[in-house]
Amino acid sequence: ISKKRFPEYSIQENPDINYPEYIKNKLTEYKKEISVGLNKVIELPIASNNRFESIINRAFSKLPPFEGKDKKSDKGFKDALLWESILEFSLTHRNSKIIYYSKDNAFGEFLLNEFAENVSDSSLFICKNESEVKVQLEAWAKEIDKEIIDWLNSGDFLVQIIDRNFGLVEKGRLITSTTAHLISIDNIESLNSDENAIEYYIEAVLQFIYELKDGGKTQDTINVGINVKMLDDATYSVEDAYRTDEDETESES
């Protein structure tokens, strides 16, 4: 400090604030803020003693993220500890997709290759800025939407809509069979998620075609709201489905 020159500065401490507790509460609030929809925030544990030998070997071999000037020092211990924590986490959370956001040049192609060699069933993306993070998250979101869209266009979805008594399908002695068709998907929204399931709300247009005893046919096209649950084994279940155009129909009549 004696070698630095500041124009003016002052430091004040508020004795009424318990700073460790204050920061802890701020972190808790932030986690709640971003833990919405599909997001679940967990803390990355620091690497256990099982990774100690790997850290030592990395330090002596000057392997990334240990760098130092001309690779002649052991600068980068905290980065190495973080990297080993990521590796250990990945080995206990299979089939994960991980974004590591850092502007540190120590995290690059070498570590991506090391990750691929050690954790074959997961993927790691190193992003240098927020734009890269956003692009990757949007790509994942499209993958999730594609999976549920494929299911909505499947026979399993239509069978559940017809077979479960949601009050959408007309019943009567003159009706011999009913088929359902998905006309359009207007909205997909994630509601809640936990370790066992993810819940979605979907707005769609369905068409029901009824075959009658006299050989004739009649059809009904309706707007519906659908609550879907995706279980941890990647199976989908229609929990509820209801008309969303009843109010409009009543007002027109």
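Residues numbered from 1 in each chain as written. Predicted model: local features only at pLDDT ≥ 70, side-chain atom pairs only at ≥ 80, totals over all residues. Heavy atoms only, no water.

Student: Pulling in residues and values, what's your account of the overall build of the chain?
Tutor: Secondary structure summary: the chain contains seven helices and six strands in total. Scanning the chain from its N terminus toward the C terminus, one meets helices and strands in the order α-α-α-β-α-β-α-α-β-β-β-β-α. A burial count over the chain gives 28% of its 253 residues as buried. In the chain, once contacts between residues fewer than 6 apart in sequence are set aside, the share between residues at least 24 apart is 57%. Total accessible area on the chain stands at roughly 17900 Å², and carbon and sulfur atoms take up 50% of it. (Helix = DSSP H or I, 4+ residues; strand = E, 2+ residues; numbered from the N terminus. Buried < 20%, exposed > 50% of the residue type's maximum accessible area, 1.4 Å probe, protein only. Contact = heavy atoms within 4.5 Å. Areas by Shrake-Rupley, 256 points an atom, 1.4 Å probe, with all protein chains shown as cover.)

Student: Provide a residue-level description of the packing of helix 3 (residues 77-92) against helix 4 (residues 109-118), including the pertinent values.
Tutor: It is at 11 Å that the axes of helix 3 and helix 4 come closest, and there the two elements cross at 25°. Put simply, helix 3 runs roughly parallel to helix 4. The two elements helix 3 and helix 4 cross, and the hand of that crossing is right-handed. Mapping the contact onto sequence places Trp83, Ile86, Leu87, Ser90 and Leu91 in helix 3 and Leu111, Glu114, Phe115 and Asn118 in helix 4. When the residues that make up the contact of helix 3 with helix 4 are grouped by side-chain class, the tally is six nonpolar, two polar and one charged. (Axes fitted to C-alpha atoms, helices over the stretch in contact; angles between N-to-C directions. Parallel < 35°, antiparallel > 145°, perpendicular 65-115°, else oblique. Left-handed = near helix turned anticlockwise from the far one by under 90°. Nonpolar A, V, L, I, M, F, W, Y, C, P; charged D, E, K, R; others polar.)

Student: Go over the nonpolar core, please, and point to the residues and values.
Tutor: Core analysis: the largest hydrophobic core is formed by 27 residues, its most contacted members being Phe157, Phe208 and Ile226. No other element matches the seven residues that strand 4 (residues 197-212) contributes to this core. Dropping the residues within four chain positions of it, Ile226 is found in contact with Phe157, Tyr200, Tyr201, Ile202, Ala204, Val238, Asp240 and Ala241. Of all hydrophobic cores here, the second largest spans 13 residues; its members include Ile86, Phe89, Phe107 and Phe115. (Core = buried A, V, L, I, M, F, W, Y, C linked by side-chain atoms within 4.5 Å.)

Student: Pulling in residues and values, what's your account of the packing of aromatic side chains?
Tutor: According to the stated counting rule, one finds three aromatic pairs in the structure shown. Every member of this aromatic cluster is reached through a ring pair, and the members are Trp151, Phe157 and Tyr236. (Phe/Tyr/Trp six-rings, centres within 6.5 Å; stacked < 30°, edge-to-face > 60°.)

Student: I'd love a proper account of the pattern of salt bridges, names of residues and values included.
Tutor: Under the criterion given, the structure shown has three salt bridges. Across the pair Asp245 and Arg243 runs a salt bridge, and its minimum N-O distance is 3.1 Å. One salt-bridge network, held together by shared partners, links Asp220, Arg243 and Asp245. (Salt bridge = Lys/Arg side-chain N within 4 Å of Asp/Glu carboxyl O.)

Student: Explain helix 2 (residues 52-60) to me, and be specific about the residues and the numbers.
Tutor: Looking only at helix 2, the buried set comprises Ile55, Arg58 and Ala59. Here the buried residues of helix 2 occupy an arc of 100° about the axis, which is enough to place them on one side. Exposed residues on helix 2 whose side chains face more than 90 degrees from its buried face are Glu53 and Phe60. Lining the buried residues of helix 2 we find helix 3 and helix 4. Note on helix 2: the residue one or two positions beyond its end, Lys62, has a positive phi of about 55°. (Arc of directions from axis to C-beta.)

Student: Talk me through the environment of Ile42; I want residue IDs and the actual numbers.
Tutor: As for its position among the elements, Ile42 is in the loop between helix 1 (19-34) and helix 2. On the accessibility criterion, Ile42 (47% relative accessible area) is partly exposed. Separated by eleven residues in sequence, Ile42 and Lys31 have C-alpha atoms that sit 8.5 Å apart.

Student: Which residues make up the environment of Ser154, and what values go with them?
Tutor: Topologically, Ser154 is positioned in the loop between helix 5 (130-152) and helix 6 (155-163). Spatially, the C-alpha atom of Ser154 lies 9.3 Å from that of Leu182, the residues being 28 residues apart in sequence. Looking at Ser154, its side chain comes within polar contact range of the main-chain oxygen of Trp151, at 2.5 Å. (Polar contact = N/O pair within 3.5 Å; in protein donor to acceptor, adjacent residues only side chain to side chain.)

Student: Which residues make up the packing of helix 2 against helix 3, and what are the values?
Tutor: In a pair of packed helices, the angle between the axes and the distance between the axes together describe the arrangement. As a packed pair, helix 2 and helix 3 sit with axes 10 Å apart at the nearest point and diverge in direction by 135°. Comparing the axis directions of helix 2 and helix 3 gives the class oblique. Remark: the crossing between helix 2 and helix 3 carries right-handed chirality. Where helix 2 abuts helix 3, its residues Ser54, Ile55 and Arg58 lie against Phe77, Ala80, Leu81, Trp83, Glu84 and Leu87. The class makeup of the residues in the contact of helix 2 with helix 3 is six nonpolar, one polar and two charged.

Student: Describe the confidence of the model for the chain, and please don't skip the residues or the numbers.
Tutor: Within the chain, residue pLDDT values average 81, and 86% of them lie at 70 or more. Taken as a whole, residues 248-253 scores under 50 in pLDDT and shows one contact with residues more than four places along the chain or in a different chain. (pLDDT = per-residue confidence, 0-100.)

Student: Go over the side chain of Ser102, please, and point to the residues and values.
Tutor: Structurally, Ser102 can be placed in the loop between strand 1 (97-101) and helix 4. Judged by its relative accessible area of 12%, Ser102 falls in the buried class. Beyond its immediate stretch of four places on either side in the chain, Ser102 contacts Phe107, Cys127 and Lys128.

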